[in-house]
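# Structural features, examined
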Amino acid sequence: MQDNARREVPSVVLFGLWQPSPRNTVETLSFILHNLPAIGERTLEHISIVGVAVGIAILTGVPIGIAITQSQRIADTVLYIGSIVITIPSIALFGVLIPILSKIGHGIGWLPAVIAAMLYAQLPIIRNTYTAIRNVDPALRSAATGMGMSAVQRLVRVEIPIALPVILAGVRIAVVLNIGVTAIAAYIGAGGLGTFISRGISQTDIRQLITGALSLGLLAIAADYALLRLQRRLTPKGLALRTE
């Protein structure tokens, strides 16, 4: 009876009772060191879900963001739908996807996690692409047209290079957002770093909770920094000088 009662102690209570004493810190660090291979494996699982989801979101979101610049009414509708999707709780979205994907034998696991993460990544990428393309200086468009460029050539050679830093900022937001969202995917058997958090909650093990949270935070920081460096590298020199 007492053992069962201990297992049912809410994780919130554990957080309240856990103090950063030397003993607890040493135990947590020891757990991390002894589980580095497992942490590495879960990190790769996490990266695979986020990477594929954001990759698909870029391939779909950037063209959509460019296309809706032609109509303000369509743009408002698309962005409104994207805002609705991103406010859906991840658990609820997984609940919607499970019965649908169960018909093809993939109700739980990697596939629903990727689809959910891809849907969450759409709004920041579409919105930043739309905003960046719309804010290109009209004088530059007129100059490109005057040089004999077609609409496609003007888009590829002028508008997208200028808009690229803002588009990449949207990708950064999508990646960091998805690193957090994908942690919930552990509850549908998708793996990832959220596994430590889910096990920590179910087993009332603060070491696993801290390991999962710390790993997720470090992964998000590393991904954001890497994309920031890429954003700066791909920013045209003229725009970089203007913003300094």
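Up top is the structure.
A brief structural summary. (Residues numbered from 1 in each chain as written. Predicted model: local features only at pLDDT ≥ 70, side-chain atom pairs only at ≥ 80, totals over all residues. Heavy atoms only, no water.)

### So, the overall build of the protein chain
Each helix and strand counted, the protein chain has twelve helices and zero strands in total. For the protein chain, with 244 residues in total, the buried portion stands at 40%. When contacts within the protein chain are restricted to residue pairs at least 6 apart in sequence, those whose partners lie at least 24 apart make up 75%. (Helix = DSSP H or I, 4+ residues; strand = E, 2+ residues; numbered from the N terminus. Buried < 20%, exposed > 50% of the residue type's maximum accessible area, 1.4 Å probe, protein only. Contact = heavy atoms within 4.5 Å.)

### Quick look at the pattern of salt bridges
In a structure, side chains of opposite charge can pair up when their charged atoms sit close to one another. Following the criterion strictly, the structure yields five salt bridges and no others. For the salt bridge of Arg207 with Asp205, the shortest nitrogen-to-oxygen distance reads 3.1 Å. What makes Arg207 partly exposed here is its relative accessible area of 31%. Overlapping salt bridges, with partners in common, bring together Arg141, Arg154 and Glu159 in one network. (Salt bridge = Lys/Arg side-chain N within 4 Å of Asp/Glu carboxyl O.)

### Regarding the nonpolar core
By size, the foremost hydrophobic cluster in this structure holds 42 residues, and its most contacted members are Ile125, Val175, Ile179, Ala185, Ala190 and Leu193. Those elements that provide at least two residues to this core are helix H4 (36–67), helix H6 (90–102), helix H7 (110–134), helix H9 (151–181) and helix H11 (206–234). The dominant element in this core, judged by the number of residues it contributes, is H7, at ten residues. If near-sequence neighbours (up to four positions away) are discounted, Leu193 is found in contact with Ile39, Arg42, Thr43, His46, Gly212, Ser215, Leu216 and Leu219. Ala75, Leu79, Leu123 and Tyr130 belong to the second-largest nonpolar core, a separate cluster that totals six residues. (Core = buried A, V, L, I, M, F, W, Y, C linked by side-chain atoms within 4.5 Å.)

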